Amino acid sequence: MNGLSTILIVVGLFLVGGIISFAKQQMPRSLIVLLSIGAAMCLVAGILRLEV
């Protein structure tokens, strides 16, 4: 794993935690959807950059 892929995966997991927290707090759905799109993009980019 290189540094950038590690950072992208960590940021994506952080955003997933935010999604769970916002869902428990009954935040607006549009905010949760926007956060989930960002988390998915970070996780996919991090996984695709892995040098296995």
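Everything numeric in this text was worked out from a predicted model, so none of it was measured. (Residues numbered from 1 in each chain as written. Predicted model: local features only at pLDDT ≥ 70, side-chain atom pairs only at ≥ 80, totals over all residues. Heavy atoms only, no water.)

Structurally, Ser 5 is set in helix H1 (residues 3-24). Here Ser 5 is in contact with Gly 46, Arg 49 and Leu 50, once residues within four sequence places are set aside. (Helix = DSSP H or I, 4+ residues; strand = E, 2+ residues; numbered from the N terminus. Contact = heavy atoms within 4.5 Å.)

Glancing now at the packing of H1 against helix H2 (residues 29-48). Contact pair H1 / H2: the axes reach a minimum separation of 8 Å and the direction vectors enclose 155 degrees. Compared by their axis directions, H1 and H2 come out roughly antiparallel. In the packing of H1 onto H2, the handedness of the crossing is left-handed. Here Ser 5, Leu 8, Ile 9, Val 11, Gly 12, Leu 13, Leu 15, Val 16, Gly 18, Ile 19, Phe 22 and Ala 23 of H1 lie close against H2, whose contacting residues are Leu 31, Ile 32, Leu 35, Ser 36, Gly 38, Ala 39, Cys 42, Leu 43, Ala 45, Gly 46 and Ile 47. Tallied by class, the residues present in the contact of H1 with H2 amount to 17 nonpolar, six polar and no charged. (Axes fitted to C-alpha atoms, helices over the stretch in contact; angles between N-to-C directions. Parallel < 35°, antiparallel > 145°, perpendicular 65-115°, else oblique. Left-handed = near helix turned anticlockwise from the far one by under 90°. Nonpolar A, V, L, I, M, F, W, Y, C, P; charged D, E, K, R; others polar.)

Relative to the 28 Å expected for 20 residues at 1.5 Å per residue, H2 spans 28 Å between its end C-alpha atoms, a close match to the ideal helical length. If you follow the buried residues of H2, they end up packed against H1. (Expected span 1.5 Å × (residues − 1).)

As a further point, take the nonpolar core. With six residues, the main nonpolar core is built from Leu 15, Ile 19, Ile 32, Leu 35, Ala 39 and Cys 42. Ranked by residues supplied to this core, first place goes to H2 with four residues. In this structure, Leu 15 is in contact with Leu 35, Gly 38, Ala 39 and Cys 42, ignoring residues within four places of it in sequence. (Core = buried A, V, L, I, M, F, W, Y, C linked by side-chain atoms within 4.5 Å. Buried < 20%, exposed > 50% of the residue type's maximum accessible area, 1.4 Å probe, protein only.)

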